[in-house]
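Architecture and fold: a report
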Amino acid sequence: MKQIYMDYAATTPVEKEIINAMVPFFNEKFGNPSSIHDFGIKASDAVEKARSNISELIGCIPEEIIFTSGGTESDNLAIKGISYLNKDKRNNDGFNIITCSIEHPAVRETCKFLEKQGFKVKFLPVDKYGIIDTNDLLESISKDTFLITIMYANNEIGTIEPIDEIGKIASENNILFHTDAVQAVGKEEIDVKKQNIDMLSLSSHKIYGPKGVGALYKRKDLKIQPLAHGGGHEKGFRSSTLNTPGIVGLGKACEIIVNNFEKNVSHYKKLRDKIISNITENIEESYLNGHPEKRLANNAHFRFTGIEGESLQLMLDEKGIAASTGSACSSKKLEASHVLLALGLKPEEAHGSIRLSVGRNNNEEEISYVSDALQEVVKKLRNMSPLWNR
Ligand code: PLP
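Residues numbered from 1 in each chain as written. Predicted model: local features only at pLDDT ≥ 70, side-chain atom pairs only at ≥ 80, totals over all residues. Heavy atoms only, no water.

With antiparallel pairing, 3 strands are arranged side by side in an open sheet as E9-E10-E12. A single partner strand is all that each edge strand has here, and the edge strands are strand E9 (286-288) and strand E12 (353-357). Strand-to-strand twist in this sheet, taken as the mean axis angle between neighbours without regard to direction, amounts to 25 degrees. In this structure, strand E10 (residues 299-304) lies alongside E12, joined through 5 bridges in antiparallel fashion. Along E12, the bridge assignment pairs Phe-302 with Ile-354. Across the sheet, helix H8 (residues 309-318) is in contact with E10 and E12; its angle to E12 comes to roughly 45 degrees. (Pairing = 2+ DSSP bridges. Helix = DSSP H or I, 4+ residues; strand = E, 2+ residues; numbered from the N terminus. Axes fitted to C-alpha atoms, helices over the stretch in contact; angles between N-to-C directions. Contact = heavy atoms within 4.5 Å.)

Turning to the side chain of Ser-55, a few remarks are in order. In this structure, Ser-55 sits in helix H2 (residues 38-58). Its relative accessible area of 4% is what places Ser-55 among the buried residues. Of the polar contacts made by the side chain of Ser-55, one reaches the backbone oxygen of Ser-52; its length is 2.9 Å. Non-local contacts of Ser-55, meaning those with residues more than four positions away in its chain, are made with Cys-60, Ile-61, Pro-62 and Ile-65. (Buried < 20%, exposed > 50% of the residue type's maximum accessible area, 1.4 Å probe, protein only. Polar contact = N/O pair within 3.5 Å; in protein donor to acceptor, adjacent residues only side chain to side chain.)

This part is about the packing of aromatic side chains. Inspection of every chain in the model, using the stated rule, returns 5 aromatic pairs. Measuring from centroid to centroid gives 6.1 Å for Tyr-8 and Tyr-208, while their planes differ by 40 degrees, and the two rings are tilted. One end of the pair, Tyr-8, is in the loop between strand E1 (4-5) and helix H1 (16-22); the other, Tyr-208, is in the loop between strand E7 (199-203) and strand E8 (214-218), and 200 residues separate them in sequence. Of the two residues examined, Tyr-8 and Tyr-208, each falls in the buried class. Aromatic pair Phe-302 and Phe-304: ring centres 6.2 Å apart, planes at 35 degrees, arrangement tilted. Accessibility classification places Phe-302 together with Phe-304 in one group, the buried group. Ring-pair connections join several aromatic residues into one group, and the members of that group are Tyr-5, Tyr-8 and Tyr-208. (Phe/Tyr/Trp six-rings, centres within 6.5 Å; stacked < 30°, edge-to-face > 60°.)

Where H8 meets helix H11 (residues 364-384), the closest approach of the two axes is 10 Å, and the angle between their N-to-C directions is 130 degrees. It follows from the interaxial angle that H8 and H11 lie oblique. Considering only the axes of H8 and H11, their crossing is right-handed. Here Ser-311, Leu-312, Met-315 and Leu-316 of H8 come into contact with H11, specifically with Ala-373, Leu-374, Val-377, Val-378, Lys-380 and Leu-381. Grouping the amino acids of the contact of H8 with H11 by side-chain chemistry returns 8 nonpolar, 1 polar and 1 charged. (Parallel < 35°, antiparallel > 145°, perpendicular 65-115°, else oblique. Left-handed = near helix turned anticlockwise from the far one by under 90°. Nonpolar A, V, L, I, M, F, W, Y, C, P; charged D, E, K, R; others polar.)

Glancing now at the sheet that holds strand E6 (residues 176-180). The 7 strands are arranged E2-E8-E7-E6-E5-E3-E4 in an open sheet whose pairing can be described as mixed. Of all the strands in the sheet, just strand E2 (65-68) and strand E4 (121-124) have a single pairing partner and so form its edges. For this sheet, the mean inter-axis angle between neighbouring strands, taken without regard to orientation, is 20 degrees. Looking at chain direction, E7 and E8 are connected through 5 bridges and run antiparallel. Residue Ser-203 lies in a different strand from E8, and its bridge partner there is Gly-214. This element, helix H3 (residues 71-83), spans E2, strand E3 (97-100), strand E5 (147-149), E6, E7 and E8 of the sheet and lies at about 160 degrees to E7.

As structure tokens, then:
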């Protein structure tokens, strides 16, 4: 059976060119990048090249990149790292940390964990498209606010937050700004200096690199409390022997983005727009979740009246199509997505939603195949649904 992968927001395949770049660092160049002999120097040179590839992509300097095990660790390191240095600001009246209600669990659960330790966290509401109101942000700031952490773009509905404005507000109020850009990297042009971003999280496996590696950009002069203590790697901010092959893969992934940005983004947009029009024009009571324009180039997220997203996903899977009902992490849970509920959707509407995220390997023929399959499956499910009696 033909298989079509349209779940690139969950993870991406590792590109051949990236695998080829990584392979030597598993065997012939296996040295520890901290060692000062030739084996170590070869590994360390490769790590530094990757650091510079990442910095070029996001507009910082190489010294501002800390390698981690992925987006989750980068988020934890940024948020806890700053909070632990600001413990004395707890238990006052105002909010210490301002975030929003549709963050990925890597940020959301970290903030909830900190709440239990006495930090005050404001979870800003979002509008029906998933966008925060910057007036709410301004009103939530107090003298004890030390961190704003708002995602660049949402992993489920693809909505892009007003990052430039948030950065400006943070900088004018002397508050640090962290953004989880795991989904935005490779689809949005990022310039941390121009956008007043102090810390930014990214992950390799969403950009055609290997799993288990990521990075945190942290402004050079910014102090954070490390989470792991040990040999003092990464200037003491993240101890543990560096994952050289993974880092080389991440660096190569960033280099490929820099060299092919416009071509890839316009490819994603063409496919995304085609699937959005195919579905919303041909399936009655089908709706696009998230913002119609301010959305990730590769994200299409739909809701269908009278249908359960899980059944839809399973029936698509039977036709060889990989889609998702939510974020990769929550799709095995049965509760409605906190993101869709935050948009004001009813639980049954949230359950009737599905995400299709396209990637470099998709083509127009696949978009047509998936659109036809969706039409057929929605019809079938509605015929069986007690919620659908038109
Ligand atoms: N943040 C966002 C927005 C994500 O989409 C993801 C992954 O789904 C993560 C963080 C976690 O990244 P990782 O899987 O590299 O830990």
